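Structure assessment
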Amino acid sequence: MNQPVKMVVVLMMIALVAGALLAFTYQATYPKIQQQAKEALESSVLKVIPGAEKMEEVQKDGMTFYIGMDNQGNKKGIAFKAVGSGFSGPIEIMVGYNPKEGKLTGIEILSMSETPGLGAKIKEPSFTEQFKGKSVKDEFAPKKDVKVITGATISPTAVAKAIKSTLEEVTKIYPVGGEF
Amino acid sequence: MQLIKDFVNGLWNENPIFRMVIGICSALAVTTAAKNGIAMGLALTFVLTCSSILISLLKNIIPSKVRIPCYIIVVATFTTIVDLVMKAYFPALYQVMGIFIPLIVVNCIVLARAEAFASKVNVLRATADALGMGLGYAWAITVISMVREILGNGTIFDVPLFGQNFTQWVIMLLPPGAFFVMGILVGLMNLITRKSPKNDGCHNC
Amino acid sequence: MLKEILFIIIGSVLVNNFVLSRYLGQCPFLGVSSKTETALGMGMATTFVLTMTAVAAYFIQNYILAPFGLDAFLQIVSFILVIASLVQLVEMVVLKISPPLYNAFGIYLPLITTNCIVLGVALLIPSKSYNLIQSIAFGLGAGLGFTLALALMAGIREDLEFADVPEALKGPAIVFITAGLLAMIFMGFAGLVPL
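As recorded in an unreviewed UniProt entry, chain C goes by the name Ion-translocating oxidoreductase complex subunit A, listed as coming from Thermovenabulum gondwanense. Its UniProt record gives chain C the following Function (unreviewed entry) comment, quoted word for word: "Part of a membrane-bound complex that couples electron transfer with translocation of ions across the membrane." In UniProt, chain C has this text filed under Subunit (unreviewed entry): "The complex is composed of six subunits: RnfA, RnfB, RnfC, RnfD, RnfE and RnfG."

Per an unreviewed UniProt entry, the recorded name for chain A is Ion-translocating oxidoreductase complex subunit G, and the organism is Thermovenabulum gondwanense. For chain A, the Subunit (unreviewed entry) comment in UniProt is given as "The complex is composed of six subunits: RnfA, RnfB, RnfC, RnfD, RnfE and RnfG." Here is the UniProt Cofactor (unreviewed entry) comment for chain A, exactly as written: "FMN".

Structure representation (structure tokens):
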């Protein structure tokens, strides 16, 4: 085989085998990857809606909501994602909301890259607990009705701001005192 | 014999991290906890070993002019396999490693050994060398991770070591800490082996 | 729009410097930072390649990989092959149109393929869902930040030549410690722009 042809053939053969191997591995791992993503989402929704044992995803007015229900089908609350601009990058939050009572049922920090030991403390229950039972009509002002972290105000402020601004949209779709 | 020498070489004399000082990006980025170090070390060893074996087997078939693209395809394929498997079975670790799993494909160690060694020797020697280099990298970054985890988090493999009153030396978990720990450990290695590193970085890989 | 672009560039150069904060580009950072001239040469060449890689990554991800659902398993292979080809192409083009320019930075070009900063930028662009202009700004910022880090280190190392460095720390060790100090300084930029 002359040189240029050999080059092309070998390169193509390797590329084809590589492509096939990758497609195969992808097919093999796809179900597990999907399952992991689903489990992670479900666990965060169930965490922010106490009493919920399963969830259902709904789209309403361009926003995605996760309705948390117990095993009898009683709705316990709805969850939605909020994103804030933190100290070192975006902060993703899962927020639980009970429209009937007009209160938050809890929050969970899904992802963040804040400073360990300082801003990263927003992940800890000592910070997130304060949002359980908080009225959605509150100001969400740091140091006033939102407790901050000593030495790190930007991260908690980002969380408060994100929740507040997303709530403004959410309460238009699920107003306080209304059904869900 | 030769195979044993090839293997041990990567573990100590030509340790990629502390002696050759290559493949540093991941050694700084993921070494915030001991378990991350081990996971990354194993991932790299897998990619390095599989790639070296394949490249050594194919060394007489791959024409010299297209060898770099061929090596790249081989390494990238194994890297993607590791990426997919970790995403499926170790999602928590995968989150921590971030882009550094895909970056294994441009890890200086992998391509450098393929070009300099695997493509020139038989499969057995290529395997021994790859395993040595991979495990050498693995133990080195595990040590770095342990230092950073102990000082920065007060734990080792998530087991708390000190009591409540331990103030975490947080900077050890941040970039400056990574650089400092690396510098000190390289210096320590020089002291122990009484030689300066063989290579001043990756400028010829 | 312009403000956003500015934030992306400043963000990549100062706040999240690719070398001192994102841990990318370490190999050339250690290997090519002993003299300011070589550092600048490498920096410019890399910035050039990075900006083009950003464009390539944007198009490949959005027009070839994503529409066919291939990005989950072909992203790494396709990106790195494109980068390798791009670098080869740039080398040939530079040699052809301007031999003096080739002498200035052409020798660094082959090394850029394995510089993790290039693949790093390529992989980060789809994950941040940047549009074309944002992607270019991101690539440019990455390159400028890389050049800045290299130039700073080179300046310091030129002076370190005359300092009394302990024997064990000579070479990469003292460079790492210096890098740590630089990283600490750059941490001061955190919060400068919203990320």
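**Re the interface of chain B and chain C**
Contacts between the two partners involve 40 residues from chain B and, on the opposite side, 37 residues from chain C. Those elements giving two or more residues to the side of chain B that touches chain C turn out to be helix 2 (24-29), helix 4 (67-89), helix 6 (108-118) and helix 8 (175-193) of chain B. Among the residues making up the side of chain B that touches chain C, the classes are represented as 29 nonpolar, 9 polar and 2 charged.

**So, the confidence of the model for chain A**
When pLDDT is averaged along chain A, the result is 89, and 99% of the positions lie at 70 or above. Averaged pLDDT values over the elements of chain A bottom out at 89 in strand 1 (residues 54-60) of chain A and peak at 92 in strand 4 (residues 90-98) of chain A.

**Digging into the nonpolar core**
Within the largest apolar cluster, 141 residues are counted, with the highest numbers of intra-cluster contacts made by Val75 of chain B together with Ile80, Leu119 and Val121 of chain C. Looking at this core, the element that brings in the most residues is helix 8 (residues 132-160) of chain C, giving 13 residues. Those residues in contact with valine 121 of chain C that lie beyond four places of it in its chain are Leu50, Thr53, Ala54, Phe138, Gly139 and Ala142 of chain C. Counting 37 residues, the second largest nonpolar core, distinct from the first, contains Tyr66, Ile78, Ala162 and Ile163 of chain A.

**Focus on the interface of chain A and chain C**
Listed per partner, the contact involves 10 residues of chain A and 8 residues of chain C. Counting residues per element, the side of chain A that touches chain C draws most heavily on helix 1 (residues 3-48) of chain A, at 5 residues. Tallied by class, residues from the side of chain A that touches chain C come to 6 nonpolar, 4 polar and no charged.

**What to know about the pairing of strand 1 of chain A**
It is a general feature of regular strands that their side chains alternate between the two faces of the sheet. Residues and elements named next belong to chain A. Bridge count between strand 1 and strand 2 (residues 63-69): 7 bridges; the pairing is antiparallel. The partner of methionine 55 across the bridge, within strand 2, is glycine 68. The turn joining strand 1 and strand 2, which pair antiparallel and follow one another in sequence, is formed by 2 residues; a positive phi near 50 degrees is taken by aspartate 61.

**Here we look at helix 9 (residues 172-187) of chain C**
Taking 1.5 Å per residue as the helical rise, helix 9 of chain C with its 16 residues ought to reach 22 Å, and the 22 Å between its terminal C-alpha atoms agrees with that figure. Listed in full, the buried residues belonging to helix 9 of chain C are Pro172, Ala173, Ile174, Val175, Phe176, Ile177, Ala179, Gly180, Leu182, Ala183 and Phe186 of chain C. Against the buried residues of helix 9 of chain C lie helix 8 of chain B together with helix 1 (2-15), helix 2 (26-31) and helix 8 of chain C.

**Some points on helix 1 of chain C**
Residues and elements named next belong to chain C. Between its first and last C-alpha, helix 1 extends 18 Å over 14 residues, near the 20 Å set by a 1.5 Å rise per residue. Listing the buried residues of helix 1 in full gives Ile8, Gly11, Ser12, Val13, Leu14 and Val15. Along its buried surface, helix 1 packs onto helix 8 and helix 9.

**Observations regarding the confidence of the model for chain C**
Residue and element names in this part refer to chain C. When the pLDDT values of chain C are averaged, the result is 89; 98% of them are 70 or greater. At the level of individual helices and strands, chain C shows its lowest average pLDDT in helix 5 (residues 99-105), which scores 77, and its highest in helix 8, which scores 95. Per the prediction output, this complex has pTM 0.87; the corresponding ipTM is 0.90.

**Some details on the packing of helix 4 of chain B against helix 4 (residues 71-97) of chain C**
Look at helix 4 of chain B against helix 4 of chain C: their axes get within 8 Å of each other, and the N-to-C directions meet at 155 degrees. Judged on the interaxial angle alone, helix 4 of chain C and helix 4 of chain B are roughly antiparallel. The two elements helix 4 of chain B and helix 4 of chain C cross, and the hand of that crossing is right-handed. On the side of helix 4 of chain B, the interface is formed by Ile68, Pro69, Ile72, Ile73, Ala76, Thr77, Thr79, Thr80, Asp83 and Leu84 of chain B, while helix 4 of chain C contributes Phe73, Ile76, Val77, Ile80, Leu81 and Ala84 of chain C. Residue classes in the contact of helix 4 of chain B with helix 4 of chain C are distributed as 12 nonpolar, 3 polar and 1 charged.

**As for the UniProt feature "transmembrane region" (unreviewed entry) in chain C**
Residue and element names in this part refer to chain C. On the UniProt side, "transmembrane region" (unreviewed entry) is annotated at positions that read residues 6-25, 37-60, 72-95, 107-126, 132-152 and 173-193 here. Secondary structure content for residues 6-25 is 50% helix and 0% strand, and the end C-alpha separation is 23 Å. In residues 107-126, helix accounts for 75% and strand for 0%; the two terminal C-alpha atoms are 30 Å from one another.

Conventions and cut-offs
Residues numbered from 1 in each chain as written. Chains lettered and ligands numbered in written order. Predicted model: local features only at pLDDT ≥ 70, side-chain atom pairs only at ≥ 80, totals over all residues. UniProt positions renumbered as here; feature names shortened; annotations may be inferred. Contact = placed C-beta atoms within 7 Å. Helix = DSSP H or I, 4+ residues; strand = E, 2+ residues; numbered from the N terminus. Nonpolar A, V, L, I, M, F, W, Y, C, P; charged D, E, K, R; others polar. pLDDT = per-residue confidence, 0-100. Core = buried A, V, L, I, M, F, W, Y, C linked by C-beta atoms within 7 Å. Buried ≥ 20, exposed ≤ 12 C-beta atoms within 10 Å, placed from the backbone. Pairing = 2+ DSSP bridges. Expected span 1.5 Å × (residues − 1). Axes fitted to C-alpha atoms, helices over the stretch in contact; angles between N-to-C directions. Parallel < 35°, antiparallel > 145°, perpendicular 65-115°, else oblique. Left-handed = near helix turned anticlockwise from the far one by under 90°.

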